[in-house]
Amino acid sequence: QVQLVESGGGLVQAGGSLRLSCAASGRTLRLYNMGWFRQAPGKEREFVAATAWSGAGTRYADSVKGRFTISKDNYKNTVYLQMNSLKPEDTAVYYCNAVNAINIPQYDPWGQGTQVTVSS
């Protein structure tokens, strides 16, 4: 049984910052990387960022490079997404999941996600 619990979303003005957290658990969790995804109203879910549990490797969608930073706390089994310089187009429900090396999510069902709303 895999559990993924996202938190930290909220309402911010453009240019503001938020830090999202993903508390993760599961027997096979560390066989994979961890990633963040988002789904805006009327759009498909898209990849945002990913990190390995070991080492410093990170991957980002072009739309968030230079603004978002993914990190993790291995002792707490928690993954973070620091979101700076937020734009209205970042508005979405943000989800975390285990991912493979090419960012394919591994667990279903998804968690409840956390809403991020960025106003103009």
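Numbering of residues begins from 1 in every chain and follows the order in which that chain's sequence is written. The model is predicted, so local features are restricted to residues of pLDDT at least 70 and side-chain atom pairs to those at 80 or more, both for listing and for counting; the totals for chains, interfaces and linings are taken over all residues. Values shown for side chains rest on all heavy atoms present in the structure; no hydrogens or waters enter the calculation.

**Q** How would you sum up the nonpolar core? Please name residues and give values.
**A** To qualify as a nonpolar core, a set must consist of buried Ala, Val, Leu, Ile, Met, Phe, Trp, Tyr and Cys residues joined through side-chain atoms within 4.5 Å. Three labels apply to residues, based on accessible area from a 1.4 Å probe with only protein chains included: buried if under 20% of the type maximum, exposed if over 50%, partly exposed otherwise in between. Met34, Trp36, Leu81 and Tyr94 are the most contacted members of the largest nonpolar core, which has 32 residues in total. Helix and strand definitions follow DSSP, with helices as H or I runs of at least four residues and strands as E runs of at least two, each counted in order from the N terminus. Counting only elements with at least two residues in this core, the list comes to β3 (18–25), β4 (33–39), β5 (46–51), β7 (68–73), β8 (78–83), β9 (92–99) and β10 (114–119). No other element matches the 5 residues that β9 contributes to this core.

**Q** Now, about the pairing of β4: what can you tell me, with residues and values included?
**A** Of all 7 residues in β4, 6 are buried, a share of seventy percent or more. A pair of strands is treated as paired once DSSP finds two or more bridges between them. The sheet contact formed by β4 and β5 spans 5 bridges and is antiparallel. Note on β5: the bridge partner recorded for Met34 is Thr51. Here β4 hands over to β5 after 6 residues, with Gly42 in that stretch at a positive phi of 75 degrees.

**Q** Any details on the packing of aromatic side chains? Residues and values, ideally.
**A** Working definition: an aromatic ring pair is given by the centre-to-centre distance plus the angle between the planes. What counts as a ring pair is set by centres within 6.5 Å for rings of Phe, Tyr and Trp (its six-membered ring), and what kind of pair is set by the plane angle: stacked under 30 degrees, edge-to-face over 60, tilted for all other angles. Summed over all chains, the structure comprises 4 aromatic pairs. Summarising the aromatic geometry, the rings of Tyr95 and Trp110 are spaced 5.9 Å apart at their centres and angled 75 degrees between planes, so their arrangement reads as edge-to-face. Of this pair, Tyr95 sits in strand β9 while Trp110 is found in the loop between β9 and β10, placing the two residues 15 residues apart along the sequence. The buried category is assigned to Tyr95, whose relative accessible area is 12%. Grouping aromatic residues by their ring pairs yields a cluster made of Phe37, Phe47, Tyr95 and Trp110. Just above the ring of Trp53 sits the side chain of Arg30; from NZ or CZ to the centre is 4.4 Å. The criterion is that NZ of a Lys, or CZ of an Arg, lies within 6 Å of the ring centre and within 35 degrees of the ring normal, and then a charge sits over that ring. One Lys or Arg, Arg45, reaches over the ring of Tyr95 and ends 4.7 Å from the middle of that ring.

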